[in-house]
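# Structural description and commentary
Each chain, written out:
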Amino acid sequence: MRIEPPDVPALERGVAVLGSGGGGDTRTAALLLRRRLAAGAEVVVHALDALPPQAYVVPVGVVGATPVFNEKLPGGQEFAAAVAAVERWTGVRAGAVASLEIGGLNGMLPLAWDLGLPVVDADLTGRGVPRLDQLSLNACGRPVTPVALAEPGGQVLVQATGTAADLERTVRAFLPSAGGWAALALAPVPAYELACCSVVGSVSAALELGRRLLALGESPAPDRLGEAGGRVLALGRVIEVVRRPGPRLHGRAGFSRGGVTVADHATGALLRLEMENEYLLALRDGRVVASTPDVLAVLDRRTVTPISGDAVRAGMEVMVLQVPIAPFWTDPARIALVAPRAYGIDCEPVLLGGGR
């Protein structure tokens, strides 16, 4: 699948929605991708099964405070340095790269940056997630180390061993001294193994989702909203936004928490969204009607552009959309990693179509 300049707005819209209110601002990644295409680069997304089975794929992405990424822009060497570090440590030559996370800016960065390697149509989340112990590799019991982190100042850190939880702690400790963000490259995974422990087809799915949303135009009629895919949970005005510190673990502060309440114009019902970095749970008049791992997105009613959890404000006219998660996460053996209880919410997952 070749990415052309007219595809960039649709891809940006799709990955922003799959961020589920998180994942970071996509504008910088979209700008980098447009500049690369304008320079004449050929940007192609390769089907995973088109690679030789023994080809090694390196998952890459940005970790840390994504708003800082837009203020402290990459110099261009960070991703190449991270990939080179894991190649040296493992003795394996990378044959391709994949996105760490399709939701948000990481969904576009592997395409926006020329690493001289094919980009595959797969990722490790299928949506936005806040932690590195919530990747599809973890759900399949596959180790994620060794891992390399490269920060804008040139420092490269390699974690050779450890669990996914160990990696999450290391990264959070490293980032403040790194200026807030770093490029990350996970250990290379053979293509035949990645096909079983990743969300395959996620880039093309994000592109198709974005095309459907853009086709709605501005201020679409309510009876057309179903064309976007998924279902509309509310169409109304934000009447309250609450933000508070998150729960603490062993004395360390957690991610911030919050809630968004939308008054539906048609029914008068109140839809409340519980959020952390992402929107996690939807309650209509106190009853749970949708939850993670399905994607919950708040869209501007007029422009149909996604509104992140840190940008939503009282008074906004919005639509709340529930998009079904990729089948990878509906497997009972995997869903616990991204279900409400993974975020400390004592609730069973409520998915589109009634799945759990």
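In this report, we go over the structure that sits alongside the text. (Residues numbered from 1 in each chain as written. Predicted model: local features only at pLDDT ≥ 70, side-chain atom pairs only at ≥ 80, totals over all residues. Heavy atoms only, no water.)

### Considerations on the overall build of the chain
A count of helices and strands for the chain gives 9 helices and 17 strands. In summary, the chain has a C-alpha radius of gyration of 19 Å against a globular reference of 21 Å for 356 residues, a match within 12%. For the chain, the spread of C-alpha atoms along the three principal axes comes to 60 × 50 × 40 Å. Taking all 356 residues of the chain together, 55% fall into the buried category. A separation of at least 24 residues holds for 71% of the contacts in the chain among residues at least 6 apart in sequence. (Helix = DSSP H or I, 4+ residues; strand = E, 2+ residues; numbered from the N terminus. Rg over C-alpha atoms; globule rule 2.2 N^0.38 Å. Buried < 20%, exposed > 50% of the residue type's maximum accessible area, 1.4 Å probe, protein only. Contact = heavy atoms within 4.5 Å.)

### Topic: the packing of helix α1 (residues 8–18) against helix α2 (residues 27–38)
Axis angle and axis distance: for two packed helices, these are the angle between their axes and the distance between the axes, and together they describe the pair. Running from amino to carboxyl end, α1 crosses α2 at an angle of 155 degrees, the nearest separation of the two axes being 10 Å. Relative to α2, α1 is oriented roughly antiparallel. Helix-helix and strand crossings are classified by hand; for α1 and α2 the assignment is right-handed. Contacts between α1 and α2 involve V8, P9, L11 and E12 from the former and R27, A30, L33, R34 and L37 from the latter. Residue composition of the contact of α1 with α2, by class: 6 nonpolar, no polar and 3 charged. (Axes fitted to C-alpha atoms, helices over the stretch in contact; angles between N-to-C directions. Parallel < 35°, antiparallel > 145°, perpendicular 65-115°, else oblique. Left-handed = near helix turned anticlockwise from the far one by under 90°. Nonpolar A, V, L, I, M, F, W, Y, C, P; charged D, E, K, R; others polar.)

### So, the packing of α1 against helix α9 (residues 202–215)
Between α1 and α9, the shortest axis-to-axis distance is 7 Å and the interhelical angle comes to 105 degrees. Accordingly, the angle class assigned to the pair α1 and α9 is roughly perpendicular. Facing α1, whose interface residues are P9, A10, L11, R13, G14, V15, V17 and L18, α9 presents V203, A206, L207, L209, G210, R211, L213 and L214. Here the contact of α1 with α9 is built from residues that sort into 12 nonpolar, 2 polar and 2 charged.

### Notes on the side chain of T125
Within the secondary structure, T125 is located in the loop between β5 (119–123) and α6 (136–139). The exposure class of T125 is buried, given its relative accessible area of 0%. A polar contact is formed between the side chain of T125 and the backbone oxygen of R127, at a distance of 2.6 Å. When neighbours within four sequence positions are excluded, T125 is seen to be in contact with L100, E101, I102, L135, V199 and W329. (Polar contact = N/O pair within 3.5 Å; in protein donor to acceptor, adjacent residues only side chain to side chain.)

### Notes on the state of the cysteines
Counted by the stated rule, this structure contains 0 disulfides. Note on C140: no disulfide assigned, nearest cysteine sulfur contributed by C197 at a separation of 5.2 Å. By relative accessible area, which is 33% here, C140 ends up partly exposed. (Disulfide = S-S within 2.5 Å.)

### Structural notes on the packing of aromatic side chains
Counted by the stated rule, this structure contains 2 aromatic pairs. Look at F328 and W329: their rings are 5.0 Å apart centre to centre, the planes differ by 85 degrees, and that puts the pair in the edge-to-face class. Each member of the pair F328 and W329 is classed as buried. (Phe/Tyr/Trp six-rings, centres within 6.5 Å; stacked < 30°, edge-to-face > 60°.)

### Some details on the pairing of strand β6 (residues 147–150)
The side-chain alternation of β6 yields two buried faces, one formed by V147 and L149 and the other by A148 and A150. With 4 bridges joining them, β6 and strand β7 (residues 156–159) adopt antiparallel strand pairing. Looking at the pairing, A148 lines up with V158 of β7. Here β6 folds back onto β7 in antiparallel fashion, the turn holding 5 residues, of which G154 has a positive phi close to 105 degrees. (Pairing = 2+ DSSP bridges.)

### A look at the environment of T28
Residue position: T28 is located in helix α2. Relative accessible area serves as the criterion here: at 16%, T28 is assigned to the buried category. Sequence-wise, T28 and A112 are 84 residues apart; in three dimensions their C-alpha atoms are separated by 9.6 Å. Those residues in contact with T28 that lie beyond four places of it in its chain are F69, N70 and L73.

### What to know about α9
Taking 1.5 Å as the rise per residue, α9 with 14 residues should run 20 Å; its terminal C-alpha atoms sit 20 Å apart, in good agreement. What α9 keeps buried is the set S202, V203, A206, L207, L209, G210 and L213. For α9, the buried positions fall inside an angular range of 165 degrees around the axis, keeping them on one side. (Expected span 1.5 Å × (residues − 1). Arc of directions from axis to C-beta.)

### Remarks on unusual backbone geometry
Note that the residue after T145, namely P146, is joined by a cis bond; omega there is 5 degrees. Mapped onto the fold, P146 is located in the loop between α6 and β6. T292 connects to P293 through a cis peptide bond whose omega is 15 degrees. Here P293 shows up in the loop between β15 (287–291) and β16 (295–300). Look at S20: it is not a glycine, yet its phi comes out positive at around 55 degrees. Mapped onto the elements, S20 comes out in the loop between α1 and α2. We classify S20 as buried; its relative accessible area is 0%. If you check the backbone angles, S219 has positive phi at about 45 degrees while not being a glycine. By secondary structure assignment, the location of S219 is in the loop between α9 and β11 (231–244).

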